[in-house]
Amino acid sequence: MYGNPTSDAAFHEALQERPAPMTAYIGVAECAKLLGTSERWVRRHVCDLPSVKIGRLVRFDIALLLSQFQGKQSLGNRLKPERGVKMRLRRYQRGYVYKAGKRIKVWYGMWREDIQKPDGTIVRRQRNIRIGTSSELPTRSAAYEELSRRMSQKPMSVEMKFSELVERWKVAVVPTIKDTTAAYYLKELSAHVVPAFRDREVSDIGRYDIERFLAERAQRYCRNTLRGMRVSMGRVLSWAVECGWIEKNPCSGIKLPQAGKKIVRTVLKAEQSIAIANLLQEPYSTLVLFLAATGLRIGEAIGIKWTDFDGDVLRISRRIYEGKEGSPKSEGSERSLPIPAVLLLRMRSLGGSEWVFRSREGTPVNPGNALKRYIRPVTKKLGIKIGGWHDFRHSLTTGLLRSGVSPKVVSELLGHADVNITLNIYDHPNVEDFRAPLNCVASELLRSVTKSAPANRPVVDLKRFGAEART
């Protein structure tokens with residue numbers, strides 16, 4: 001129709017001969033720059049673009065390109081059809097399906113979707129997913145329907161790595177959390193979660209990824225540590241949901257895998273606590289007796305000041321965690337306890353004007369160093385296995401409950417928010433605790449069984465009765 005011109009001049013001359021008015025046309029290089037792709041990609045998909053061919057020359061209509069492509073394409077990976085099959089690219093509304101596999105044919109779907117960056121800009125990325133086997137989707141039409149369903153269900157995602165999300169969470173959320181709680185979350189994130197998910201896209205992290213992560217670490221850590229990993233990661237992902245960066249929190253509803261319990265609590269007898277205290281130097285000797293008598297948390301005990309006393313009543317209003325002074329663990333942890341006179345007298349013998357249990361420098365005792373350098377060597381010498389400072393708290397709780405003290409009173413004394421925590425976690429029955437109730441029940445049952453039968457009542461031959469029942 002237009003001959004066979006081989007130069008731009010011939011091309012423009014041919015355009016001028018067209019009867020309809022023409023808009024601006026561009027070449028392959030300009031088209032590739034406009035779409036954000038390579039020239040090779042443009043030449044490979046020239047049949048899908050609004051183009052005009054005149055001999056070897058190809059020109060593209062700018063107006064139609066801009067109306068057809070709203071937003072620039074990123075180069076990404078090339079769309080590769082299966083071998084020997086000519087792929088005709090379909091626009092973003094439908095995507096493209098293809099079949100792969102030797103023994104089992106599987107349908108895959110490809111499409112390009114808009115991805116929002118944290119700064120609000122939109123880029124386009126190519127997606128390639130498995131949509132089903134040929135037995136599940138016997139026809140190409142069925143494959144397209146399944147791909148369309150998945151494309152319509154998937155909201156616009158945000159391009160952000162997990163490590164970047166954590167850094168943003170530190171800046172925006174950590175200042176609003178209690179210092180001790182924030183320190184716990186940051187410790188779990190930096191030690192366990194971030195190393196595993198550092199370079200993963202937040203939108204690509206699913207429930208299976210988190211469950212597998214926890215299952216792998218269940219072989220090395222106890223359930224409490226696994227719970228810390230799940231809670232800290234869930235807090236970060238929950239904030240991402242609130243920001244609109246992901247649709248839902250994949251941590252929601254995940255159950256912890258079975259794991260070993262590394263820390264085993266020992267219920268200490270009174271003579272064992274006394275033996276430990278007798279081999280320790282001050283202030284650790286009095287600190288052990290104080291914990292065994294009051295059941296305070298170690299952070300609450302080392303955070304006591306003399307100004308917290310009103311006579312013999314101690315007001316617990318702070319705790320030390322990771323060397324920093326903060327408020328108690330919960331509202332219920334703020335409580336007042338009457339300290340026995342004999343214990344208070346021993347505490348006053350330690351001297352000092354500010355901290356009750358202090359180091360040589362006058363600062364609060366470091367519980368980690370004290371446990372490692374003083375407590376454990378002494379318990380090892382005595383042949384007593386302890387899990388840590390909390391054993392004294394568990395021992396007091398078990399002893400009070402066994403002596404008949406109301407669980408509600410024990411719960412308030414320990415500063416628990418719920419009495420069930422006291423009963424489910426801090427109460428440690430042993431074999432001797434079972435002896436009295438079992439003896440009581442057995443005596444009632446066996447007393448009636450062993451009574452002699454009345455004279456007019458026939459005696460039943462149990463062996464004969466059993467044989468007749470079997471026949």
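Residues numbered from 1 in each chain as written. Predicted model: local features only at pLDDT ≥ 70, side-chain atom pairs only at ≥ 80, totals over all residues. Heavy atoms only, no water.

A.B. asks: Please give an account of the packing of aromatic side chains that cites residues and values.
C.D. replies: The description of two aromatic rings rests on the distance between their centres and on the angle between their planes. For the structure on display, the rule yields ten aromatic pairs. For the ring pair Trp-169 and Tyr-185, a centre distance of 6.4 Å and an interplane angle of 55 degrees mean the geometry is tilted. One end of the pair, Trp-169, is in helix H6 (residues 162-172); the other, Tyr-185, is in helix H7 (residues 179-197), and 16 residues separate them in sequence. Across the pair, Tyr-185 and Trp-169 agree in class, each one buried. It is Lys-305 that lies over the ring of Trp-355; its NZ or CZ is 4.7 Å from the centre. (Phe/Tyr/Trp six-rings, centres within 6.5 Å; stacked < 30°, edge-to-face > 60°. Helix = DSSP H or I, 4+ residues; strand = E, 2+ residues; numbered from the N terminus. Buried < 20%, exposed > 50% of the residue type's maximum accessible area, 1.4 Å probe, protein only. Lys NZ or Arg CZ within 6 Å of the ring centre and 35° of its normal.)

A.B. asks: Got a sec to walk through the sheet that holds strand S1 (residues 25-26)? Specific residues and values, please.
C.D. replies: If you trace the three strands from one edge of the open sheet to the other, you get S1-S3-S2, paired in antiparallel fashion. Every interior strand has two partners, whereas the edge strands, S1 and strand S2 (51-54), have only one. (Pairing = 2+ DSSP bridges.)

A.B. asks: Give a description of helix H9 (residues 223-242) that names residues and reports values.
C.D. replies: Its 20 residues give H9 an end-to-end C-alpha distance of 28 Å, which sits within 8% of 28 Å, the value for a rise of 1.5 Å per residue. Within H9, burial applies to Leu-226, Gly-228, Met-229, Ser-232, Met-233, Gly-234, Val-236, Leu-237, Trp-239 and Ala-240. As for H9, its buried residues are in contact with H6, H7 and helix H8 (207-217). Positive backbone phi, approximately 80 degrees, marks Gly-244, located one or two places after H9. (Expected span 1.5 Å × (residues − 1). Contact = heavy atoms within 4.5 Å.)

A.B. asks: Break down the nonpolar core for me, citing the residues and quoting the values.
C.D. replies: If you look at the biggest cluster of nonpolar residues, it comprises 37 residues, and the most contacted ones within it are Phe-290, Phe-309, Met-347 and Trp-389. Secondary structure elements with two or more residues in this core: helix H10 (270-278), helix H11 (284-294), helix H12 (298-302), strand S9 (313-316), helix H13 (341-348) and helix H14 (367-382). Broken down by element, the residue count for this core peaks at five residues, all from H11. Sequence-distant contacts of Phe-290, defined by excluding residues within four places in its chain, comprise Gly-295, Leu-296, Ala-301, Ile-304, Leu-314, Ile-339, Leu-343, Met-347 and Phe-357. In terms of nonpolar packing, the next biggest core, distinct from the first, is built from 32 residues, Ile-177, Val-193, Ile-205 and Met-229 among them. (Core = buried A, V, L, I, M, F, W, Y, C linked by side-chain atoms within 4.5 Å.)

A.B. asks: Outline the packing of H11 against H13, listing residues and values.
C.D. replies: Pairs of packed helices are described in terms of their axes, by the angle between the two and the distance that separates them. Between H11 and H13, whose axes approach to 10 Å, the crossing angle comes to 155 degrees. In this view, H11 runs roughly antiparallel relative to H13, as classed from their interaxial angle. H13 is crossed by H11, and the crossing has left-handed handedness. Of the residues in H13, those in contact with Ser-285, Thr-286, Leu-289, Phe-290, Ala-293 and Thr-294 of H11 are Leu-343, Arg-346 and Met-347. (Axes fitted to C-alpha atoms, helices over the stretch in contact; angles between N-to-C directions. Parallel < 35°, antiparallel > 145°, perpendicular 65-115°, else oblique. Left-handed = near helix turned anticlockwise from the far one by under 90°.)

A.B. asks: Outline the confidence of the model for the protein, listing residues and values.
C.D. replies: Summary statistics for the protein give a mean pLDDT of 80 and a share of 80% for residues scoring 70 or more. Note on residues 1-8: pLDDT is under 50 here. Beyond four places in sequence and across chains, it has eleven contacts. (pLDDT = per-residue confidence, 0-100.)

A.B. asks: Describe the sheet that holds strand S8 (residues 309-310), and please don't skip the residues or the numbers.
C.D. replies: Overall, antiparallel pairing links the three strands, which are arranged S8-S9-S12 in an open sheet. If you trace the sheet from one side to the other, it starts and ends with S8 and strand S12 (335-338), each paired once. As judged from the four bridges shared by S9 and S12, these two strands associate in the antiparallel manner. When the bridges of S12 are listed, Arg-315 appears paired with Ser-336.

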